[in-house]
Amino acid sequence: MADRLRPGGFLLLALLVLILDQASKAWVLALFQPYEVVPVLPVFNLTLAFNEGAAFSFLDDAGGWQRWFFIGLTSIISVGLVVWMLRLKTSERLTGFSLALILGGALGNLVDRVRIGKVTDFLDFHWHGWHWPAFNLADSAITLGVVLMLLASFRQQPNSP
């Protein structure tokens, strides 16, 4: 259809997110010992940590079944995101951009789960002894993608004739 977006650029963005995420994780895994803390700023450390669960370590200590559950769930969601991208209209560029960020981040964490059984995290923000849960570039891309998707949903859509 003429008013459909071509998803090629969005798929390339998702691939770029995946590559940057995996490269950053490889760098941290090569240079850091688990839970080693390297202060970078007064409110930011690099800290090699692992998460076998989901966001905020949800199900982190569930006994191992969660690895396969999250691999399956992420795989299904990733296919759904690609199908959604294929159906976008030309007026939905911001949605496509947000889906690409979410897809790239999801695939970055999926590769970790398949390869090492857990997600590698290393970005550690803290304030007066309180630490936000460590995260990675994939998590950042997913979060930014969700924020942009919310923004896209609030944008006024043109009236259809």
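Refer to the preceding data block for the structure.
Residues numbered from 1 in each chain as written. Predicted model: local features only at pLDDT ≥ 70, side-chain atom pairs only at ≥ 80, totals over all residues. Heavy atoms only, no water.

Colleague: Quick one: what's the story with the overall build of the protein chain, residue by residue and with numbers?
Modeller: Helices and strands together make up the secondary structure of the protein chain, namely four helices and four strands. When the helices and strands of the protein chain are listed from N to C terminus, the series reads α-β-β-α-α-β-β-α. Looking at the 161 residues of the protein chain, the share that counts as buried comes to 38%. Contacts spanning at least 24 positions in sequence make up 66% of the contacts within the protein chain whose residues lie at least 6 apart. Carbon and sulfur atoms make up 69% of the accessible area of the protein chain, which amounts to about 9,700 Å² in all. (Helix = DSSP H or I, 4+ residues; strand = E, 2+ residues; numbered from the N terminus. Buried < 20%, exposed > 50% of the residue type's maximum accessible area, 1.4 Å probe, protein only. Contact = heavy atoms within 4.5 Å. Areas by Shrake-Rupley, 256 points an atom, 1.4 Å probe, with all protein chains shown as cover.)

Colleague: Give a description of a nonpolar patch on the surface that names residues and reports values.
Modeller: On the surface, L12, L15 and I19 cluster together into a nonpolar patch covering about 300 Å² of accessible area. Mapped onto the fold, L12 is located in helix 1 (residues 8-31). (Patch = residues over 30% accessible without salt bridge, like charges linked within 9 Å, V, L, I, M, F, W, Y side chains within 5 Å. Salt bridge = Lys/Arg side-chain N within 4 Å of Asp/Glu carboxyl O.)

Colleague: With reference to specific residues and values, describe the pairing of strand 1 (residues 37-41).
Modeller: Two strands pair when backbone bridges link them, and strand 1 and strand 2 (residues 44-51) are joined in this way by four bridges, in the antiparallel orientation. Counterpart to L41 in the pairing with strand 2 is F44. (Pairing = 2+ DSSP bridges.)

Colleague: Report on the sheet that holds strand 4 (residues 130-131), specifying residues and quantitative values.
Modeller: With antiparallel pairing, four strands are arranged side by side in an open sheet as 1-2-3-4. Only two strands of the sheet have a single neighbouring strand rather than two, namely strand 1 and strand 4.

Colleague: Give a detailed account of the pattern of salt bridges, specifying residues and quantitative values.
Modeller: Within this structure, the stated rule accounts for two salt bridges. Put simply, D21 and K25 hold a salt bridge, and the shortest N to O gap is 2.8 Å. Here D21 and its partner K25 are both found in helix 1, four residues apart, which amounts to about one turn of the helix. There is no split in this pair, since D21 and K25 are both buried.

Colleague: Give me the lowdown on helix 1, citing residues and values where you can.
Modeller: Look at helix 1: 35 Å from first C-alpha to last across 24 residues, which is about the 34 Å you get at 1.5 Å a residue. When we look at burial in helix 1, the residues that qualify are F10, L13, A14, V17, L18, D21, Q22, S24, K25 and V28. (Expected span 1.5 Å × (residues − 1).)

Colleague: Hey, could you go over unusual backbone geometry for me, with residue numbers and the actual values?
Modeller: Unlike most non-glycine residues, Y35 shows phi in positive territory, near 65°. Relative to the helices and strands, Y35 is located in the loop between helix 1 and strand 1.

Colleague: If you had to explain the environment of V43 to someone new, which residues and values would you point to?
Modeller: By the secondary structure assignment, V43 is in the loop between strand 1 and strand 2. Note on V43: relative accessible area 30%, which makes it partly exposed. For V43 and W127, which are 84 residues apart along the polypeptide, the C-alpha to C-alpha distance reads 5.8 Å. With sequence-adjacent residues up to four places away left out, V43 is seen in contact with D124, F125, H126 and W127.

Colleague: Help me get a handle on the side chain of K25, residues and values and all.
Modeller: Overall, K25 belongs to the buried group, its relative accessible area being 0%. Setting aside its immediate chain neighbours within four residues, K25 contacts G108, N109, D112, V119, T120, F122, N136 and A138.

Colleague: For the packing of aromatic side chains, give the residues involved together with the corresponding values.
Modeller: Tallied over the entire structure, the rule returns five aromatic pairs. Measuring from ring centre to ring centre gives 5.7 Å for W27 and F32, while their planes differ by 65°; the resulting arrangement is edge-to-face. Among the residues examined, F32 registers a relative accessible area of 8% and is labelled buried. Residues F125 and F135 carry aromatic rings whose centres are separated by 5.9 Å and whose planes lie at 15° to one another, so their mutual orientation is stacked. Of this pair, F125 sits in strand 3 (residues 119-127) while F135 sits in the loop between strand 4 and helix 4 (137-154), and the two are ten residues apart along the sequence. (Phe/Tyr/Trp six-rings, centres within 6.5 Å; stacked < 30°, edge-to-face > 60°.)

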